[in-house]
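Letter by letter, the chains look like this.
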Amino acid sequence: MISTKIGDLINEQIAKEQYAAHYYLSMSAWFSARDLDGIANYFRIQSKEELMHADKMFDYLNDVGGDIIIGEIPKPPHEFANAIDVFEKALAHEKIVTKSIFNILKNANEEGDFATVSFLQWFVNEQVEEEASASQLVSKIKMVSDNPSALYLFDQELAQRVFNPNPAN
Ligand code: FEO
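Residues numbered from 1 in each chain as written. Predicted model: local features only at pLDDT ≥ 70, side-chain atom pairs only at ≥ 80, totals over all residues. Heavy atoms only, no water.

The chain is annotated in an unreviewed UniProt entry as Ferritin from Kaistella montana. The UniProt entry for the chain carries the following text under Sequence similarities (unreviewed entry): "Belongs to the ferritin family. Prokaryotic subfamily." The record in UniProt for the chain states the following under Function (unreviewed entry): "Iron-storage protein." (UniProt positions renumbered as here; feature names shortened; annotations may be inferred.)

**Structural notes on the UniProt feature "domain: Ferritin-like diiron" (unreviewed entry) in the chain**
What UniProt calls "domain: Ferritin-like diiron" (unreviewed entry) maps, in this numbering, to residues 1-145. The span residues 1-145 is 80% helix and 0% strand, and its two end C-alpha atoms sit 51 Å from each other. (Helix = DSSP H or I, 4+ residues; strand = E, 2+ residues; numbered from the N terminus.)

**Some points on helix H5 (residues 148-159)**
Each α-helix winds once per 3.6 residues, and so residues spaced three or four apart point in a common direction. The end-to-end C-alpha separation of H5 is 16 Å, in line with the 16 Å expected for 12 residues at 1.5 Å each. Along H5, the positions that sit buried rather than exposed are Leu151, Phe154, Asp155 and Leu158. All buried residues of H5 project into a common sector of 100 degrees when viewed along the axis, lining one side. Projecting away from the buried face of H5 at angles above 90 degrees are the exposed residues Ser149, Tyr152 and Leu153. Taken together, the buried residues of H5 touch helix H2 (37-63), helix H3 (83-111) and helix H4 (114-144). Between the side-chain oxygen at the start of H5 and the backbone nitrogen of Ser149 there is a gap of 3.1 Å, and the oxygen is on Asn147. (Expected span 1.5 Å × (residues − 1). Buried < 20%, exposed > 50% of the residue type's maximum accessible area, 1.4 Å probe, protein only. Arc of directions from axis to C-beta. Contact = heavy atoms within 4.5 Å. Polar contact = N/O pair within 3.5 Å; in protein donor to acceptor, adjacent residues only side chain to side chain.)

Set out below in structure tokens:
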């Protein structure tokens, strides 16, 4: 049985992952409105991944007998200064999520809740990937944002991304 404290932290994390999904959907809408449908596709898939993260936590909490309490999801920003601003905000948000997951892990370690420690390992690895790819995209958008031909190709590149609902482990 999971402790109330760790259960509460996971419930909060479910809401944070759902907020991230809304935030990315808002970013997707921003690019759609500017006819950059490939970048919009990237953020749409990013949004779906966040919902999948929330579902993973939901299922875990259920498995360990915790009380699932669905929290409030604040309205995300919908105005951005420019394309670089969107990608920088996406990276900044991933860093916040990483810190939040590390905080649950720290508390689970202190409690000797090794089931949660083990469960969260997937998220630790995922955050390394998420931050690396968000950081790379910040560099790329800075290279192309002032060059319409390059931006077109970048948009085409991100149009190739497909959603994988069952990532390994
Ligand atoms: Fe669920 Fe992008 O972290």
